[in-house]
Amino acid sequence: MKKLFLIIGAPGSGKTTDASIIAENNANIVHYSTGDMLREEVASGSDLGKEIESYITKGALVPLKIIVDTIVSAINNAPVDNVLIDGYPRSEEQMTAFDALVSKEDNIELTSVIEVRVTEACARERILGRRAEAAPGEERADDSEEVFNDRMGIYTGPLAAIQRFYTDKELLTIINGERTLEEVVAEMQTFVSGKI
Ligand code: AMP
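Residues numbered from 1 in each chain as written. Predicted model: local features only at pLDDT ≥ 70, side-chain atom pairs only at ≥ 80, totals over all residues. Heavy atoms only, no water.

(A) Representation of the side chain of Lys-15 within the structure. Counting through the fold element by element, Lys-15 comes out in helix 1 (residues 15-25). An unpaired buried charge is present at Lys-15: no salt bridge exists, and Asp-86, the closest side chain of opposite charge, is 4.2 Å distant. Those residues in contact with Lys-15 that lie beyond four places of it in its chain are Ile-7, Ile-8, Gly-9, Ala-10, Asp-86, Gly-87, Arg-90 and Val-116. (Helix = DSSP H or I, 4+ residues; strand = E, 2+ residues; numbered from the N terminus. Buried < 20%, exposed > 50% of the residue type's maximum accessible area, 1.4 Å probe, protein only. Lys, Arg positive; Asp, Glu negative; His and termini not counted. Salt bridge = Lys/Arg side-chain N within 4 Å of Asp/Glu carboxyl O. Contact = heavy atoms within 4.5 Å.)

This is the structure in structure tokens:
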């Protein structure tokens, strides 16, 4: 049985960094970031990658089928049973689609949804700071202020509905992301360890 933890958070919340540190420190946990998986597909130069790129550069969500296929294949191919996926769901449509999928699957349990919470001001400062500090050529194409605003809007739009849905299922846990990386990781680690 695969135990799945979904990690959501604003751009700049640190969710990908937090989850990857936990996976590095625990041989029985694997981590996938939806953004990283999509960027890998773009880097491969495939036709699918070209389609994905047109959404990422605008800060828009890739279509439902692409993202669902991406995470389902990540879960199925995961080499260990405890799987952290960050960056999903980002819409009510994704949430509902995934819920339907998991309820049909005997082999996957949605164990928890972790929200790494930061204020918009904190997210903005981190993202635009990340851009300023990136080496030339290493900047993420979607770290501009305009695209940040679009990504933030896309994140906050469905957030209340997503929080309500998982709160009703007693699956939502909120972690304060506005602390040091070590503190956030420690809290997430303790929480995940308690569930596996
Ligand atoms: P991230 O690295 O998590 O900030 O994601 C970067 C970009 O990848 C997003 O702005 C979207 O274009 C795309 N993306 C990541 N996760 C999803 C998702 N769950 N659904 C649709 N598009 C996504």
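(B) Expanded view of the nonpolar core. Counting residues in each nonpolar core, the largest one holds 38 residues, and the members touching the most others are Leu-4, Leu-6, Ile-85, Tyr-88, Phe-98, Leu-110 and Tyr-166. Examining the composition of this core, we find that six residues originate from one element, helix 4 (residues 64-77), more than from any other. What Tyr-88 contacts, discounting residues up to four positions off in sequence, is Leu-6, Ile-7, Ile-8, Thr-34, Ile-67, Val-68, Ile-71, Gln-94 and Phe-98. Within the second largest apolar cluster, 13 residues are counted, among which are Phe-5, Ile-29, Leu-84 and Val-185. (Core = buried A, V, L, I, M, F, W, Y, C linked by side-chain atoms within 4.5 Å.)

(C) Spotlight on the packing of aromatic side chains. Counted by the stated rule, this structure contains two aromatic pairs. When the centroid spacing of 5.5 Å and the interplanar angle of 65 degrees are considered together, the rings of Tyr-88 and Phe-98 count as edge-to-face. Taken together, the residues span a long stretch of sequence, with Tyr-88 in the loop between strand 3 (82-86) and helix 5 (92-104) and Phe-98 in helix 5 at a distance of 10 residues. Taking 5.1 Å as the distance between ring centres and 80 degrees as the angle between the ring planes, the aromatic pair formed by Phe-165 and Tyr-166 counts as edge-to-face. On the basis of relative accessibility, which here comes to 23%, the residue Phe-165 falls in the partly exposed class. Lys-58 extends its terminal NZ or CZ atom over the ring of Tyr-55, reaching a point 5.5 Å from the ring centre. (Phe/Tyr/Trp six-rings, centres within 6.5 Å; stacked < 30°, edge-to-face > 60°. Lys NZ or Arg CZ within 6 Å of the ring centre and 35° of its normal.)

(D) Looking closely at the site of the ligand. As a matter of local geometry, the ligand sits amid 18 residues, with Thr-34, Ala-60, Arg-90, Gln-94 and Arg-151 nearest to it. Here an oxygen atom of the ligand and a backbone polar atom of Ala-60 are 2.5 Å apart. One of the backbone N or O atoms of Gly-87 is found 2.8 Å from a nitrogen atom in the ligand. For the ligand, whose accessible area on its own is 480 Å², the fraction buried by protein is 97%. Among the residues forming the shell around the ligand, the class breakdown is seven nonpolar, five polar and six charged. (Near = heavy atom within 4 Å. Polar contact = N/O pair within 3.5 Å; in protein donor to acceptor, adjacent residues only side chain to side chain. Areas by Shrake-Rupley, 256 points an atom, 1.4 Å probe, with all protein chains shown as cover. Nonpolar A, V, L, I, M, F, W, Y, C, P; charged D, E, K, R; others polar.)

(E) Representation of unusual backbone geometry. Cis peptide bonds are those with omega within 30 degrees of zero, and the linkage from Tyr-88 to Pro-89 qualifies with 0 degrees. In this fold, Pro-89 is placed in the loop between strand 3 and helix 5. Positioned with a positive phi, Glu-170 is a non-glycine residue whose angle comes to about 60 degrees. A residue is classified by how much of its surface remains accessible, and Glu-170, at 73% relative accessible area, is exposed.

What is shown is where atoms sit, not what they do.
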